[in-house]
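Chain by chain, the residues:
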Amino acid sequence: METKLLNRIISKLEKKGISVDNGLSEKEFSGIEELFDINFPKDLKLFLKTKLPVSNGFIHWRYTLNSDKGRKEIIDRLNWPLEGLLHSIKGGYFWFDKWGTKPSDFKSQRNIVEQAFKSYPKLIPIYSHRYLPSLPNEVGNPVFSVHQSDIIYYGNDLAEYFSKEFNFEIPEKFGKVLSAKEIIFWSDIVEGNI
């Protein structure tokens, strides 16, 4: 993400009433990534290094390092996609064909899904139930809206996501990502390849 675009997005967010704090330091990033076993993609890391949104709905990453309650909030948000899928599976309206034949009991279903889930790119919470995949660890991953097995693209990249979520335009001079990058498993659900 270009610095000019990043600064424009931050300015637009602040004009929309989003509170921001100083960006995260490298030491804070290291602590967060180690504590939660995640890797921030480069564009999200640059964004959070520049300014840290702290308004309601955003993850206050700095707070998580210093608070049991904050750590629990992050763990809950990181587990939200898995728990949502399990809820849909238990309800009987979701199963991914690549997991094989669906067992008849939920305990066996859960075991299969939890094992498979470990191999998928982790989803990093951005705001509310919007997530950015941790892999590939590069610029331009799509943002997903995740609610149980109802998963959609909410932005082809981080910049488009913020413009959609908070209703502001990104000038054409910055270019637009025309289609979302394919992400293992998550794109299959979005595209109905289940």
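Criteria and cut-off values
Residues numbered from 1 in each chain as written. Predicted model: local features only at pLDDT ≥ 70, side-chain atom pairs only at ≥ 80, totals over all residues. Heavy atoms only, no water. Helix = DSSP H or I, 4+ residues; strand = E, 2+ residues; numbered from the N terminus. Rg over C-alpha atoms; globule rule 2.2 N^0.38 Å. Buried < 20%, exposed > 50% of the residue type's maximum accessible area, 1.4 Å probe, protein only. Contact = heavy atoms within 4.5 Å.

1. So, the overall build of the protein
Next, step 1: Along the protein, the regular secondary structure elements total eight helices and six strands.
Next, step 2: If you list the helices and strands of the protein from N to C, you get α-β-α-α-β-α-α-α-β-β-β-β-α-α.
Next, step 3: For the protein, whose C-alpha radius of gyration is 17 Å, the value lies close to the compact-globule estimate of 16 Å for 194 residues.
Next, step 4: Counting only residues that meet the buried cut, the protein has 47% of its 194 residues in that class.

2. So, the side chain of Asp-188
Next, step 1: With respect to the helices, strands and loops of the structure, Asp-188 is situated in helix H8 (residues 186–190).
Next, step 2: Not counting the four nearest positions on each side in its chain, Asp-188 is found in contact with Phe-96, Lys-98, Ile-183, Asn-193 and Ile-194.

3. Some points on unusual backbone geometry
Next, step 1: Cis peptide bonds are those with omega within 30 degrees of zero, and the linkage from Leu-135 to Pro-136 qualifies with 0°.
Next, step 2: Here Pro-136 shows up in the loop between strand E4 (130–133) and strand E5 (143–147).
Next, step 3: Its identity as a non-glycine residue notwithstanding, Asn-167 has a phi of 55°, on the positive side.
Next, step 4: By secondary structure assignment, the location of Asn-167 is in the loop between helix H7 (158–165) and H8.

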